[in-house]
Amino acid sequence: MASNRPIHTARATTAIAAIALSLSLAACGETAGDAPAEGETAATEPAADLDIVKVRHDNFEEIGDAFKAIRGELEKGSPEFAVIQTNAQIIDTNAQKVSGHFPEGTGPASGADTEALDAIWEKPAEFTAAHEKLTAASATMLAAANSGEAAAVGEAVKELGGACKNCHDQFREKDD
Ligand code: HEC
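Every value quoted in this text rests on a predicted model; they were computed, and no experiment measured them.

J.: Is there a simple way to explain the site of the ligand in this structure?
T.: Contacts to the ligand come from 22 residues, most closely from Thr114, Glu115, Cys164, Cys167 and His168. Between an oxygen atom of the ligand and a main-chain N or O atom of glutamate 115, the distance comes to 2.7 Å. Histidine 168 has a polar side-chain atom sitting 2.9 Å from a nitrogen atom of the ligand. A majority-of-atoms criterion places the ligand in the largest pocket. Every element with two or more residues in the shell around the ligand is listed here: helix 1 (4-75), helix 4 (124-147) and helix 5 (150-171).

If you want it as structure tokens, here you go:
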């Protein structure tokens, strides 16, 4: 009987300690919850706009891979025109999309991981001209691929390569 009392007291003490602990945890939880909320508010606005940066990177990567595949075929003794055609089609389709991938506010000042230069938005007529050069070259490539003539594809590779370089020289950060 006498041994029940200390146990009871101990339980009561534990219960009080538990309440105190849960109150202090609740206070911590609230503080922890506030910090990310502030971060979210700061990041919310640009996040939606900047999704396009990944889209344009992927689009250019596909163009780059397809261009490489065409040059790879040409280096073979007997190029496979089915492969050249498939890749010329990818380049032509993706090339048309480029002009829609550079909305205002997606340049270097946006904080996006981008190599796009401010010149894109400062010289819109020149950027449009560089884009038109690309779509003209990709159309030439498509026609050459469909012609089945390696010499025509070779010429189209030069024109296309020139269109890439023309734009990169003016509008993309130099990374090497
Ligand atoms: C009208 C301008 C323009 C033309 C034409 C152009 N590019 Fe680009 N390219 C850019 C810009 C600007 C970037 C940087 C985009 C960024 O970092 O947001 C870029 C980036 C790239 C990248 C890196 C992927 C990336 O976004 O980081 C590759 C690969 C690429 N281009 C390949 C090509 C190839 C191959 C051609 C020609 C067949 C070509 N580009 C034609 C403007 C152009």
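J.: Quick question: what am I supposed to make of helix 2 (residues 81-97) here?
T.: Because an α-helix packs 3.6 residues into every turn, residues spaced three or four apart end up facing the same way. End to end, helix 2 covers 25 Å across 17 residues, agreeing with the expected 24 Å (1.5 Å per residue, within 8%). Of all the residues in helix 2, the buried ones are Phe81, Ile84, Asn87, Ala88, Ile91, Asp92, Asn94 and Ala95.

J.: What exactly am I supposed to notice about helix 4 here?
T.: Between its first and last C-alpha, helix 4 extends 35 Å over 24 residues, near the 34 Å set by a 1.5 Å rise per residue. Along helix 4, the residues classified as buried are Phe127, Ala130, His131, Leu134, Thr135, Ala137, Ser138, Met141, Leu142, Ala144 and Ala145. Once helix 4 ends, the next one or two residues include glycine 148, with phi positive near 75°.

Rules of the game
Residues numbered from 1 in each chain as written. Predicted model: local features only at pLDDT ≥ 70, side-chain atom pairs only at ≥ 80, totals over all residues. Heavy atoms only, no water. Near = heavy atom within 4 Å. Polar contact = N/O pair within 3.5 Å; in protein donor to acceptor, adjacent residues only side chain to side chain. 1 Å grid on protein atoms, 1.4 Å probe; cavity = no way out; pocket = protein on both sides within 12 Å on 5 of 7 lines; lining within 4 Å. Sits in = over half its atoms within 2 Å of the grid points. Helix = DSSP H or I, 4+ residues; strand = E, 2+ residues; numbered from the N terminus. Expected span 1.5 Å × (residues − 1). Buried < 20%, exposed > 50% of the residue type's maximum accessible area, 1.4 Å probe, protein only.

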